[in-house]
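Each chain, written out:
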Amino acid sequence: RSKVVIFTSIVLLFLTQVGVKAEPKAYYGVNYYSYTERTDEQDPFMELKTNIPTVIFGLRDETAIRSNNSSDKISYNVEGSFGNVTYTQYTGAGTHNHNYWTIQTEGLYALPSSFYAGVGYRYLKDYLSAGGYGGYDRQNMLLYIPAGYARNNFKLQYNFLVEGSQFSELSQIPGYGDLTNEQNDGFGLELSYTFLDAGSDDSGWEMFTKYWNIEDSTTNSSRGSKWIITGMEPQNETFEIGFKKLL
(Lines give C-alpha, C1' and ligand atoms only; values in the text may rest on other atoms or scores of the structure.)
Protein backbone atom coordinates (compact mmCIF):
# COMPACT_ATOMS: atom_id res chain seq x y z
CA ARG A 1 0.00 0.00 0.00
CA SER A 2 2.92 2.37 0.63
CA LYS A 3 3.96 1.90 -3.01
CA VAL A 4 0.40 2.77 -4.12
CA VAL A 5 0.54 5.98 -2.06
CA ILE A 6 3.90 7.03 -3.56
CA PHE A 7 2.84 6.22 -7.13
CA THR A 8 -0.48 8.06 -6.78
CA SER A 9 1.30 11.13 -5.39
CA ILE A 10 3.60 11.31 -8.43
CA VAL A 11 0.64 11.05 -10.82
CA LEU A 12 -1.31 13.78 -9.01
CA LEU A 13 1.72 16.08 -8.98
CA PHE A 14 1.89 16.08 -12.76
CA LEU A 15 -1.88 16.64 -12.99
CA THR A 16 -1.68 19.80 -10.86
CA GLN A 17 -3.01 22.75 -12.89
CA VAL A 18 -5.16 25.01 -10.71
CA GLY A 19 -3.99 26.73 -7.52
CA VAL A 20 -5.91 26.34 -4.25
CA LYS A 21 -6.47 29.53 -2.27
CA ALA A 22 -5.56 28.42 1.25
CA GLU A 23 -7.48 30.06 4.13
CA PRO A 24 -8.55 28.99 7.62
CA LYS A 25 -11.47 26.63 7.10
CA ALA A 26 -13.51 23.90 8.69
CA TYR A 27 -14.25 20.63 6.94
CA TYR A 28 -16.00 17.31 7.31
CA GLY A 29 -15.69 14.01 5.49
CA VAL A 30 -15.71 10.23 5.51
CA ASN A 31 -13.04 7.59 5.03
CA TYR A 32 -12.32 3.88 4.83
CA TYR A 33 -10.08 2.63 7.66
CA SER A 34 -7.97 -0.53 7.86
CA TYR A 35 -5.56 -1.68 10.57
CA THR A 36 -3.47 -4.87 10.31
CA GLU A 37 -1.06 -6.53 12.75
CA ARG A 38 1.55 -8.94 11.39
CA THR A 39 3.89 -11.47 13.03
CA ASP A 40 6.43 -13.91 11.61
CA GLU A 41 4.11 -16.79 12.49
CA GLN A 42 0.78 -15.23 11.42
CA ASP A 43 0.23 -12.72 8.62
CA PRO A 44 -2.20 -11.19 9.27
CA PHE A 45 -2.36 -11.76 13.00
CA MET A 46 -5.30 -9.39 13.53
CA GLU A 47 -7.32 -6.97 11.39
CA LEU A 48 -9.70 -4.05 11.91
CA LYS A 49 -11.70 -2.84 8.91
CA THR A 50 -14.34 -0.18 8.50
CA ASN A 51 -17.84 -1.50 9.13
CA ILE A 52 -19.49 1.83 8.27
CA PRO A 53 -17.70 4.91 6.89
CA THR A 54 -15.65 6.76 9.50
CA VAL A 55 -16.84 10.35 10.05
CA ILE A 56 -14.24 13.16 10.06
CA PHE A 57 -14.41 16.74 11.37
CA GLY A 58 -11.55 19.20 11.27
CA LEU A 59 -10.21 22.74 11.25
CA ARG A 60 -7.07 23.89 9.44
CA ASP A 61 -5.15 26.86 8.11
CA GLU A 62 -2.72 25.98 5.30
CA THR A 63 -2.16 29.54 4.07
CA ALA A 64 1.53 29.57 4.99
CA ILE A 65 2.53 26.25 3.41
CA ARG A 66 0.50 26.83 0.22
CA SER A 67 1.55 30.42 -0.50
CA ASN A 68 5.02 31.72 -1.28
CA ASN A 69 3.78 35.28 -0.68
CA SER A 70 2.38 34.83 2.83
CA SER A 71 4.16 36.71 5.63
CA ASP A 72 2.83 34.12 8.08
CA LYS A 73 5.06 31.03 8.24
CA ILE A 74 2.86 28.89 10.52
CA SER A 75 0.08 26.53 9.44
CA TYR A 76 -1.90 24.09 11.57
CA ASN A 77 -4.60 21.44 11.49
CA VAL A 78 -6.75 19.69 14.07
CA GLU A 79 -8.79 16.66 13.03
CA GLY A 80 -11.02 14.19 14.82
CA SER A 81 -12.65 11.01 13.55
CA PHE A 82 -15.14 8.46 14.85
CA GLY A 83 -15.91 5.08 13.31
CA ASN A 84 -17.02 1.49 13.73
CA VAL A 85 -14.80 -1.43 12.68
CA THR A 86 -15.02 -5.20 12.36
CA TYR A 87 -12.42 -7.12 14.38
CA THR A 88 -11.04 -10.43 13.08
CA GLN A 89 -8.02 -12.55 14.01
CA TYR A 90 -6.26 -15.55 12.52
CA THR A 91 -7.99 -18.10 14.79
CA GLY A 92 -11.40 -16.95 13.58
CA ALA A 93 -12.60 -16.50 17.18
CA GLY A 94 -13.89 -13.31 18.77
CA THR A 95 -15.09 -11.58 15.58
CA HIS A 96 -17.17 -8.52 16.49
CA ASN A 97 -17.85 -4.86 15.71
CA HIS A 98 -16.72 -2.01 17.95
CA ASN A 99 -16.12 1.76 17.93
CA TYR A 100 -12.90 3.76 17.77
CA TRP A 101 -11.93 7.43 17.57
CA THR A 102 -8.82 9.46 16.79
CA ILE A 103 -7.45 12.97 17.29
CA GLN A 104 -4.61 14.22 15.10
CA THR A 105 -3.04 17.67 15.23
CA GLU A 106 -0.05 19.32 13.52
CA GLY A 107 1.85 22.58 13.59
CA LEU A 108 3.72 23.30 10.35
CA TYR A 109 6.41 25.81 9.35
CA ALA A 110 6.66 27.00 5.73
CA LEU A 111 10.06 26.52 4.08
CA PRO A 112 11.33 27.80 0.70
CA SER A 113 10.20 26.24 -2.60
CA SER A 114 6.83 24.98 -1.27
CA PHE A 115 8.37 22.64 1.33
CA TYR A 116 7.40 22.58 5.00
CA ALA A 117 8.13 20.77 8.28
CA GLY A 118 6.74 20.73 11.79
CA VAL A 119 5.54 18.55 14.65
CA GLY A 120 2.50 16.28 14.89
CA TYR A 121 0.62 14.15 17.40
CA ARG A 122 -1.92 11.35 16.86
CA TYR A 123 -4.05 9.68 19.54
CA LEU A 124 -6.29 6.64 19.02
CA LYS A 125 -8.78 5.01 21.38
CA ASP A 126 -9.92 1.52 20.36
CA TYR A 127 -12.81 -0.16 22.23
CA LEU A 128 -11.84 -3.81 21.85
CA SER A 129 -13.58 -4.59 25.14
CA ALA A 130 -16.86 -4.58 23.19
CA GLY A 131 -15.96 -8.12 22.11
CA GLY A 132 -16.83 -9.46 25.55
CA TYR A 133 -14.78 -11.44 28.07
CA GLY A 134 -11.07 -11.32 27.27
CA GLY A 135 -11.39 -8.06 25.35
CA TYR A 136 -9.70 -4.85 26.45
CA ASP A 137 -9.51 -1.25 25.26
CA ARG A 138 -6.33 0.17 23.74
CA GLN A 139 -4.81 3.63 23.52
CA ASN A 140 -2.15 4.51 20.96
CA MET A 141 -0.06 7.70 20.95
CA LEU A 142 2.34 8.80 18.18
CA LEU A 143 4.63 11.84 18.22
CA TYR A 144 6.14 12.58 14.82
CA ILE A 145 7.83 15.13 12.57
CA PRO A 146 5.84 15.87 9.39
CA ALA A 147 7.84 17.04 6.39
CA GLY A 148 6.17 17.71 3.08
CA TYR A 149 5.58 19.55 -0.16
CA ALA A 150 2.44 21.55 -0.99
CA ARG A 151 1.92 22.92 -4.46
CA ASN A 152 -1.41 24.26 -5.66
CA ASN A 153 -3.97 21.44 -5.35
CA PHE A 154 -1.44 18.82 -4.33
CA LYS A 155 0.10 17.95 -0.96
CA LEU A 156 2.53 15.13 -0.11
CA GLN A 157 3.79 14.50 3.43
CA TYR A 158 6.20 12.08 5.09
CA ASN A 159 5.90 11.50 8.84
CA PHE A 160 9.08 10.63 10.77
CA LEU A 161 8.08 8.77 13.93
CA VAL A 162 9.82 10.22 17.00
CA GLU A 163 8.20 8.07 19.64
CA GLY A 164 5.02 6.12 20.19
CA SER A 165 3.36 4.05 22.86
CA GLN A 166 0.60 1.47 23.07
CA PHE A 167 -1.36 1.34 26.33
CA SER A 168 -3.35 -1.90 26.67
CA GLU A 169 -6.02 -1.73 29.38
CA LEU A 170 -5.59 -5.37 30.40
CA SER A 171 -6.92 -4.59 33.88
CA GLN A 172 -10.37 -4.87 32.27
CA ILE A 173 -9.71 -8.63 32.34
CA PRO A 174 -9.90 -9.96 35.93
CA GLY A 175 -6.47 -10.77 37.38
CA TYR A 176 -4.40 -8.84 34.82
CA GLY A 177 -2.60 -5.49 34.94
CA ASP A 178 -2.33 -2.75 32.31
CA LEU A 179 0.57 -3.00 29.86
CA THR A 180 2.52 -0.22 28.11
CA ASN A 181 4.79 -0.86 25.11
CA GLU A 182 7.02 1.67 23.36
CA GLN A 183 6.83 1.97 19.55
CA ASN A 184 9.79 3.99 18.33
CA ASP A 185 10.42 2.68 14.80
CA GLY A 186 8.11 3.52 11.92
CA PHE A 187 6.91 6.11 9.43
CA GLY A 188 3.80 7.57 7.85
CA LEU A 189 2.76 8.90 4.45
CA GLU A 190 -0.05 11.28 3.55
CA LEU A 191 -1.20 12.77 0.26
CA SER A 192 -4.16 14.80 -0.88
CA TYR A 193 -5.57 16.49 -3.97
CA THR A 194 -8.23 19.22 -3.96
CA PHE A 195 -10.99 19.63 -6.56
CA LEU A 196 -12.48 23.14 -6.45
CA ASP A 197 -16.22 23.75 -6.81
CA ALA A 198 -17.24 25.46 -10.06
CA GLY A 199 -16.82 29.23 -9.74
CA SER A 200 -15.08 28.97 -6.36
CA ASP A 201 -11.45 29.55 -5.45
CA ASP A 202 -11.56 28.29 -1.86
CA SER A 203 -14.19 25.56 -1.42
CA GLY A 204 -14.52 22.09 -2.85
CA TRP A 205 -13.72 18.45 -2.23
CA GLU A 206 -10.43 16.91 -1.19
CA MET A 207 -9.38 13.34 -1.88
CA PHE A 208 -6.83 12.02 0.62
CA THR A 209 -5.03 8.92 1.83
CA LYS A 210 -2.97 8.20 4.96
CA TYR A 211 -0.62 5.33 5.74
CA TRP A 212 1.34 4.27 8.86
CA ASN A 213 3.87 1.46 9.18
CA ILE A 214 4.98 0.82 12.77
CA GLU A 215 7.58 -1.84 13.64
CA ASP A 216 7.49 -4.29 16.57
CA SER A 217 7.31 -2.54 19.93
CA THR A 218 9.54 -3.07 22.91
CA THR A 219 8.72 -5.97 25.22
CA ASN A 220 7.38 -5.13 28.67
CA SER A 221 5.79 -6.82 31.67
CA SER A 222 2.80 -6.02 33.88
CA ARG A 223 1.62 -7.35 37.23
CA GLY A 224 -2.05 -7.89 38.00
CA SER A 225 -3.85 -9.19 41.06
CA LYS A 226 -3.34 -12.78 39.86
CA TRP A 227 -1.05 -12.81 36.86
CA ILE A 228 2.27 -11.43 35.67
CA ILE A 229 2.51 -11.23 31.89
CA THR A 230 5.12 -10.18 29.34
CA GLY A 231 4.03 -8.92 25.95
CA MET A 232 4.73 -6.74 22.93
CA GLU A 233 2.81 -5.02 20.14
CA PRO A 234 3.52 -6.57 16.73
CA GLN A 235 4.38 -4.75 13.53
CA ASN A 236 1.28 -3.03 12.17
CA GLU A 237 -0.03 -0.97 9.27
CA THR A 238 -2.85 1.58 9.13
CA PHE A 239 -4.43 2.64 5.85
CA GLU A 240 -7.08 5.33 5.28
CA ILE A 241 -8.62 6.71 2.12
CA GLY A 242 -11.52 9.13 1.83
CA PHE A 243 -12.97 12.53 0.94
CA LYS A 244 -13.31 15.84 2.76
CA LYS A 245 -15.73 18.70 2.06
CA LEU A 246 -13.99 22.06 2.54
CA LEU A 247 -16.47 24.65 3.87
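This structure is a prediction, so every number in the text was calculated from the model and none was measured.

(A) Main features of the packing of aromatic side chains. Scanning all chains against the criterion turns up ten aromatic pairs. Between tyrosine 158 and phenylalanine 187, the ring centres sit 5.7 Å apart and the planes meet at 5°, which makes this aromatic pair stacked. Here tyrosine 158 is found in strand β7 (residues 154-168), whereas its partner phenylalanine 187 is found in strand β9 (residues 186-196), with 29 residues between them in sequence. In this structure tyrosine 158 comes out as partly exposed when scored by relative accessible area, which is 32%. Classification of phenylalanine 187 by relative accessible area gives partly exposed; the value is 22%. For the pair tyrosine 193 and phenylalanine 195, a centre-to-centre distance of 4.9 Å together with 65° between the ring planes defines the contact as edge-to-face. Take phenylalanine 195: its relative accessible area is 41%, and that puts it in the partly exposed class. An aromatic cluster is present here, built from Tyr158, Phe160, Phe187 and Tyr211 joined pairwise through their rings.

(B) Region of the structure containing the confidence of the model for the chain. Considering every residue of the chain, the mean pLDDT works out to 89; 88% of them sit at 70 or more. Element-level mean pLDDT values for the chain span from 50 in helix α1 (residues 2-15) up to 97 in strand β5 (residues 115-126). Of the regions scoring below 50 in pLDDT, residues 14-18 engages in ten contacts with residues more than four places distant in sequence or in other chains.

(C) Spotlight on the nonpolar core. Tyr33, Tyr35, Met46, Leu48, Val85, Tyr87, Tyr100, Leu124 and Leu128 together form the largest nonpolar core, which totals nine residues. Those elements that provide at least two residues to this core are β1 (25-38), β2 (46-61) and β3 (74-89). In contact with tyrosine 35, other than residues within four places in its own chain, are Met46, Glu47, Leu48, Arg138, Glu233, Asn236, Glu237 and Thr238. Counting residues in each nonpolar core, the second largest holds six residues, with Ala64, Ile65, Ala110 and Ala150 among its members.

(D) Just empty space enclosed by the protein, in detail. Applying the stated criterion across every chain yields a total of four cavities of 30 Å³ or more. Looking at the largest cavity, its volume works out to about 200 Å³. What lines the largest cavity is a set of 16 residues, and nearest its centre among them are Arg60, Lys155, Glu190, Lys210 and Lys244. Those elements giving two or more residues to the lining of the largest cavity turn out to be β3, β4 (96-110), β9 and β10 (204-214). Grouping the amino acids of the lining of the largest cavity by side-chain chemistry returns three nonpolar, four polar and nine charged. Counted as a void, the second largest cavity has a volume near 150 Å³. Taken together, 14 residues make up the lining of the second largest cavity; nearest its centre are Tyr35, Arg122, Asn140, Asn236 and Thr238. Every element with two or more residues in the lining of the second largest cavity is listed here: β1, β5, β6 (138-151), β10 and β13 (235-246). Its residues assigned to classes, the lining of the second largest cavity shows six nonpolar, five polar and three charged.

(E) Structural context of the layout of surface pockets. Computed from the structure, the largest pocket encloses a volume of approximately 650 Å³. Going through the elements one at a time, β3, β8 (179-182) and β12 (228-231) are the ones with two or more residues in the lining of the largest pocket. Residue composition of the lining of the largest pocket, by class: 13 nonpolar, twelve polar and three charged.

(F) Quick peek at a negative patch on the surface. Judged by side-chain charge, Asp40, Glu41, Asp185, Glu215 and Asp216 come together as a negatively charged surface patch. Relative to the helices and strands, glutamate 41 resides in the loop between β1 and β2. Judged by its relative accessible area of 65%, glutamate 41 is exposed.

(G) Quick peek at the pairing of β5. Two elements, β4 and β5, share eleven bridges in a ladder whose sense is antiparallel. Following the sheet pairing, glutamine 104 is matched in β5 by arginine 122. A loop of four residues connects β4 with β5, the two strands running antiparallel in sequence, and serine 113 in this loop sits at a positive phi of about 60°. The sheet contact formed by β5 and β6 spans ten bridges and is antiparallel. Directly across from phenylalanine 115, in β6, lies its bridge partner tyrosine 149.

Definitions and limits used
- Residues numbered from 1 in each chain as written.
- Predicted model: local features only at pLDDT ≥ 70, side-chain atom pairs only at ≥ 80, totals over all residues.
- Heavy atoms only, no water.
- Phe/Tyr/Trp six-rings, centres within 6.5 Å; stacked < 30°, edge-to-face > 60°.
- Helix = DSSP H or I, 4+ residues; strand = E, 2+ residues; numbered from the N terminus.
- Buried < 20%, exposed > 50% of the residue type's maximum accessible area, 1.4 Å probe, protein only.
- pLDDT = per-residue confidence, 0-100.
- Contact = heavy atoms within 4.5 Å.
- Core = buried A, V, L, I, M, F, W, Y, C linked by side-chain atoms within 4.5 Å.
- 1 Å grid on protein atoms, 1.4 Å probe; cavity = no way out; pocket = protein on both sides within 12 Å on 5 of 7 lines; lining within 4 Å.
- Points joined across faces, edges and corners; volume = space filled by probe spheres on them.
- Nonpolar A, V, L, I, M, F, W, Y, C, P; charged D, E, K, R; others polar.
- Patch = residues over 30% accessible without salt bridge, like charges linked within 9 Å, V, L, I, M, F, W, Y side chains within 5 Å.
- Areas by Shrake-Rupley, 256 points an atom, 1.4 Å probe, with all protein chains shown as cover.
- Salt bridge = Lys/Arg side-chain N within 4 Å of Asp/Glu carboxyl O.
- Lys, Arg positive; Asp, Glu negative; His and termini not counted.
- Charge placed at Lys NZ, Arg CZ, Asp CG, Glu CD.
- Pairing = 2+ DSSP bridges.

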